[in-house]
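Examination of the molecular architecture
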Amino acid sequence: MTAEASTTGKQWIQAIRTDSLPIDDATRIEHKGACIAIFNLGGKFYATAGVCTHAHAFLSEGYIDGQTIECPLHQGLFHIPTGQPLSPPVTERLKTYETKVSDGYVHILVEGGE
């Protein structure tokens with residue numbers, strides 16, 4: 001991963017190649033101790049916290065249906081673009097990250113510019 005600093009205290013990191021993540025699939029990366037899930041929904045990329053807010057489960061291993069991800073542990077649903085919880089047992093919103101595609105890579109805007 002490479003990083004591009006910004007003036008807002010955030011930085012863009014180069015996360016994955018766009019062609020490494022099939023449509024309607026997810027993967028996860030680690031960045032400075034944070035787990036981040038990356039989703040390819042119909043060719044548009046989204047990034048959220050990678051661990052469910054209810055119990056420790058990797059959302060990249062969950063079931064994607066349209067714009068929702070179902071937690072693989074207790075089947076709670078989240079809206080991927082906004083991180084909003086949609087069904088019990090999840091009640092806490094997921095952190096979301098801004099994404100952009102450049103030069104064949106997905107970049108994610110994260111806290112803590114270098």
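Just above, that's the structure.
No experiment lies behind these values; they were computed from the predicted model shown.

Turning next to the sheet that holds strand β5 (residues 44-49). A sheet is described by the order of its strands in space; here four strands give the open sequence β3-β4-β5-β10, paired in antiparallel fashion. Two strands close off the open sheet at either side, each with one partner strand: β3 (25-31) and β10 (96-97). Sheet analysis places strand β4 (residues 34-41) next to β5, joined by six bridges and oriented antiparallel. Pairing of isoleucine 36 across the sheet is with alanine 49, part of β5.

All right, on to the packing of aromatic side chains then. What describes a pair of aromatic rings is the distance from one ring centre to the other and the angle between the planes of the rings. Across all of its chains, the model carries zero aromatic pairs by this definition. It is arginine 17 that lies over the ring of tyrosine 105; its NZ or CZ is 5.2 Å from the centre. Positioned above the aromatic ring of tyrosine 97 is the side chain of lysine 95, whose terminal nitrogen or guanidinium carbon lies 5.1 Å from the ring centre.

It is worth spelling out the pattern of salt bridges at this point. Summed over all chains, the structure comprises three salt bridges. The partner of lysine 10 in a salt bridge is glutamate 111, with the nearest N and O atoms 3.6 Å apart. Linking lysine 10 in strand β2 (residues 10-17) with glutamate 111 in strand β12 (residues 105-111), this pair joins segments that are 101 residues apart in sequence. When its relative accessible area of 29% is taken as the criterion, lysine 10 is described as partly exposed.

Each value, and the rule that gives it
Residues numbered from 1 in each chain as written. Predicted model: local features only at pLDDT ≥ 70, side-chain atom pairs only at ≥ 80, totals over all residues. Heavy atoms only, no water. Pairing = 2+ DSSP bridges. Helix = DSSP H or I, 4+ residues; strand = E, 2+ residues; numbered from the N terminus. Phe/Tyr/Trp six-rings, centres within 6.5 Å; stacked < 30°, edge-to-face > 60°. Lys NZ or Arg CZ within 6 Å of the ring centre and 35° of its normal. Salt bridge = Lys/Arg side-chain N within 4 Å of Asp/Glu carboxyl O. Buried < 20%, exposed > 50% of the residue type's maximum accessible area, 1.4 Å probe, protein only.

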